[in-house]
Amino acid sequence: MILSGPGSTAQFVANGPGGAAVTWSSSNTSVAQIDGNGKVTTAATTGSALITVTSRSTVAYATVIIAQPAPGVVVLPSSTVISVTATGATLPIDSLKYLM
């Protein structure tokens, strides 16, 4: 996922079967931080971070890239959904969605 510059935000959603709890982390908190609800906030710098969501023994990843937007460029569509389905040995994560 590419975010349009420092100060951007995004929301990830992960659903485990039976409402299993998930935890979120960022590999580079100086670029992107993620809270316990999956909301990504970016720092005042560009770069990238690997966002990890874990539920029991199942792990899913998404790369977040923070880039300076080019003036006068519009990216379409304005709404994007990326879905990932992963199955682990113990617990499947039904979906990981990014909502722009």
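Read on for an overview of the structure. (Residues numbered from 1 in each chain as written. Predicted model: local features only at pLDDT ≥ 70, side-chain atom pairs only at ≥ 80, totals over all residues. Heavy atoms only, no water.)

Points about the nonpolar core
Across soluble globular proteins, nonpolar side chains have a tendency to be buried as a group.
Thinking step 1. One finds Leu-3, Phe-12, Trp-24, Ile-34, Val-40, Ile-51 and Val-64 to be the most contacted residues of the largest nonpolar core, which totals 16 residues.
Thinking step 2. Every element with two or more residues in this core is listed here: β2 (9–15), β4 (32–34), β6 (47–55) and β7 (58–67).
Thinking step 3. Element by element, the count of residues in this core is highest for β7, at four residues.
Thinking step 4. Discounting residues that sit within four places of it in the chain, Ile-51 has contacts with Phe-12, Trp-24, Ser-25, Ser-26, Ile-34, Val-40, Ala-60, Tyr-61, Ala-62 and Val-64. (Core = buried A, V, L, I, M, F, W, Y, C linked by side-chain atoms within 4.5 Å. Buried < 20%, exposed > 50% of the residue type's maximum accessible area, 1.4 Å probe, protein only. Helix = DSSP H or I, 4+ residues; strand = E, 2+ residues; numbered from the N terminus. Contact = heavy atoms within 4.5 Å.)

As for a nonpolar patch on the surface
Thinking step 1. On the surface, Leu-50, Val-59 and Tyr-61 cluster together into a nonpolar patch covering about 260 Å² of accessible area.
Thinking step 2. Among the structural elements, Val-59 can be located in strand β7. (Patch = residues over 30% accessible without salt bridge, like charges linked within 9 Å, V, L, I, M, F, W, Y side chains within 5 Å. Areas by Shrake-Rupley, 256 points an atom, 1.4 Å probe, with all protein chains shown as cover. Salt bridge = Lys/Arg side-chain N within 4 Å of Asp/Glu carboxyl O.)

Thoughts on the packing of aromatic side chains
Thinking step 1. Counted by the stated rule, this structure contains one aromatic pair.
Thinking step 2. For the pair Phe-12 and Trp-24, a centre-to-centre distance of 6.0 Å together with 35 degrees between the ring planes defines the contact as tilted. One end of the pair, Phe-12, is in strand β2; the other, Trp-24, is in strand β3 (residues 23–26), and 12 residues separate them in sequence. Summarising the burial analysis for this pair, Phe-12 and Trp-24 share the class buried. (Phe/Tyr/Trp six-rings, centres within 6.5 Å; stacked < 30°, edge-to-face > 60°.)

Here's the deal with the pairing of β6
Thinking step 1. Judged from the four bridges that link them, β3 and β6 form a sheet pairing that is antiparallel. From the neighbouring strand, Thr-23 faces β6, where its bridge partner is Thr-54.
Thinking step 2. Note: β6 against β7, nine bridges, orientation antiparallel. Looking across to β7, one finds that Ser-48 is bridged to Ile-65.
Thinking step 3. Turn length for the β6-β7 hairpin, with the two strands adjacent in sequence and antiparallel, is two residues, and the turn residue Arg-56 shows positive phi of about 55 degrees. (Pairing = 2+ DSSP bridges.)

In short, shape yes, function no, at least from these values alone.
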